[in-house]
Amino acid sequence: MATDLPIVLDGSEGEGGGQILRTALSLSAITGKPFTVTKLRAGRPKAGLRPQHREATRAVARIVDAEVAGDEVGSTRLDFRPRRRPAPGEWTLDVGTAGSTPLLLQTVCWPLALAGGPSFLTLRGGTHQDHAPSFHYLALVWAPAVARLGFRIGLELQAAGFYPEGGGEFTARIEPAHPMPPLDLRHRGTLQDVEVVSMVGGLGYEIADRQAAQALRGLREAGIAAQAERVPVPARLSKGGHVLVVSTFERTRSGHGAVSARERSPEQIADEAVNAFRAHLA
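What counts as what
- Residues numbered from 1 in each chain as written.
- Predicted model: local features only at pLDDT ≥ 70, side-chain atom pairs only at ≥ 80, totals over all residues.
- Heavy atoms only, no water.
- 1 Å grid on protein atoms, 1.4 Å probe; cavity = no way out; pocket = protein on both sides within 12 Å on 5 of 7 lines; lining within 4 Å.
- Points joined across faces, edges and corners; volume = space filled by probe spheres on them.
- Helix = DSSP H or I, 4+ residues; strand = E, 2+ residues; numbered from the N terminus.
- Nonpolar A, V, L, I, M, F, W, Y, C, P; charged D, E, K, R; others polar.
- Pairing = 2+ DSSP bridges.
- Axes fitted to C-alpha atoms, helices over the stretch in contact; angles between N-to-C directions.
- Contact = heavy atoms within 4.5 Å.
- Expected span 1.5 Å × (residues − 1).
- Salt bridge = Lys/Arg side-chain N within 4 Å of Asp/Glu carboxyl O.
- Buried < 20%, exposed > 50% of the residue type's maximum accessible area, 1.4 Å probe, protein only.

Student: Hey, could you run me through empty space enclosed by the protein in this one?
Tutor: One way to see where empty space is left: roll a probe the size of a water molecule over the atoms. With the rule as written, the count across this model stands at one cavity of 30 Å³ or more. As a volume, the largest cavity reaches approximately 30 Å³. Around the largest cavity, the lining residues are Arg22, Gln52, His53, Ala56, Ser100, Leu103 and Leu104. Every element with two or more residues in the lining of the largest cavity is listed here: helix 2 (51–64) and helix 3 (101–113). Of the residues in the lining of the largest cavity, the class split is three nonpolar, three polar and one charged.

Structure below.
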C-alpha cells in the first residue's frame, strides 16, 4: 500500500473538465502514487463527477484495489490511494448512461497494458457522442497510433450507443505493452489520402448517403480529393449518424468527426466534420 502523501491536483485548471481526473487515475494506477483532486470539473455547466467519471474511478480502483473517497455523482473532491499493482483480467464496465465508453477505455487501458498479461473488457454506455472520441475514431485512428508506441488494443463493436439513450457496447482486448523504436511526430508530412466514413445506426441508409455526399462536396470545394464509405452500424436502444473524416499523412493519421443530433441535419453533421478537418490542415 502506498504510504507517501497524495499529489494534490486542482480540477479547475485548463479546460476544467474530466481529463485531469482520467489522467490522474491512469498515472496513479501505474506509479502507485495516491492523489487528491479538488474542484472537480469546475469548468463544466454541471460541476463535479458525472456517471462516466464515477465509473472510470471505480474501474481503476478495482484494477489496483484502491482506497477511494468522494466517488459519488456530484462530488467535487476525490481521494484515490492504490493498494497494489495493476492486475490483468476480464472486466465488464457499464457507465449506466450514454456517457462515453471510449474515454473510459482510454483511462483503464494504460495500467492494464502494463499489468503483465492480457485483459479483456466489455464496455457499455455511449459509443458515439459529441465532445468525446467515437468508437470508430478509436478503431481507425487511435488504436493504430498507440500500436506504434507498443500498445496493442483490439476493438469490436457490438452495438452503437448514441445520445441520449446510450445502450452501446464494445469489447477491447488489451495486450501487454512491448518496447518500440522511438517515433518522431514533430512533422506529419504531406497529405496522402482522405476517406469519409459515413455511418448510421437505426436510421435509413439514405441518411448515410446524404452525410457522405455533403462531406465530399465540402472537401471538393476545398480542393481535397476524397472517397467515401457508407457503413451501417448495429444499434439496440438508440439511433443516430456519424461522419468521420480519416486523413492519412506521411507520418501519421488524423480523424475529425461529428455525431447527429435532433437539432442538426445530416448535412450540418457532415459540414462540422469537414470544417474540423480543414482547420486541422490550416
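So, next bit.
Student: Help me out: how do you make sense of the sheet that holds strand 2 (residues 35–38) in this one?
Tutor: Across the sheet, which stays open at both edges, the four strands sit in the order 1-2-4-3 with mixed pairing between neighbours. This sheet does not close on itself; its edge strands, each paired only once, are strand 1 (7–10) and strand 3 (67–69). Neighbour-to-neighbour, the strand axes of the sheet open up by a mean angle of 10°, direction not taken into account. Sheet analysis places strand 1 next to strand 2, joined by four bridges and oriented parallel. By the bridge assignment, isoleucine 7 is partnered in strand 2 with phenylalanine 35. Against the sheet, helix 1 (residues 19–31) touches strand 1, strand 2 and strand 4 (78–81), its axis set at about 175° to strand 2. Lying on the sheet, helix 2 is in contact with strand 3 and strand 4; it crosses strand 4 at an angle near 20°.

Student: For this particular structure, what's the right way to read the sheet that holds strand 5 (residues 90–94)?
Tutor: Taken in spatial order, the four strands line up as 5-6-8-7 in an open sheet, and their pairing is mixed. Lying at the two open borders of the sheet, with one neighbouring strand each, are strand 5 and strand 7 (153–159). Ignoring which end each strand starts from, the neighbouring axes of this sheet average 15° apart. Where strand 7 and strand 8 (residues 168–174) come together, six bridges link them in antiparallel fashion. Along strand 8, the bridge assignment pairs glycine 154 with arginine 173.

Student: Explain the layout of surface pockets to me, please; I cannot follow it from the model alone.
Tutor: A volume near 1,200 Å³ is recorded for the largest pocket. Lining the largest pocket we find 41 residues, and of these Ala98, Gln129, Asp130, His131 and Tyr163 sit closest to its centre. Elements represented by at least two residues in the lining of the largest pocket include exactly helix 1, helix 2, helix 5 (205–221) and helix 6 (266–281). In terms of residue count, the dominant contributor to the lining of the largest pocket is helix 2 (three residues). Split by residue class, the lining of the largest pocket holds 15 nonpolar, 14 polar and twelve charged.

Student: I tried to follow helix 5 on my own but got confused; where do I start?
Tutor: Residue pairs spaced three or four apart in an α-helix point in one direction, given the helix's 3.6 residues per turn. An ideal rise of 1.5 Å per residue puts 24 Å on 17 residues; helix 5 measures up with 25 Å between its terminal C-alpha atoms. Against strand 9 (191–201), strand 10 (227–232), strand 11 (240–249) and helix 6 lie the buried residues of helix 5. Phi for glycine 223, located one or two positions after helix 5, is positive at around 75°.

Student: Before we go on, may I ask you to explain the pattern of salt bridges in this structure?
Tutor: Pairs can form between side chains of opposite charge once their charged atoms are near each other. Tallied over the entire structure, the rule returns 14 salt bridges. We note a salt bridge from glutamate 15 to arginine 44, for which the minimum N-O separation is 3.2 Å. Placement of glutamate 15 in the loop between strand 1 and helix 1 and of arginine 44 in the loop between strand 2 and helix 2 is noted, with a sequence separation of 29 residues between them. The residue aspartate 79 makes a salt bridge to arginine 77 at a minimum N-O spacing of 3.2 Å. Taking relative accessible area as the criterion, arginine 77 reaches 45% and is therefore assigned partly exposed. Three or more residues joined by partner-sharing salt bridges are found here, namely Asp130, Glu263, Arg264 and Glu272.

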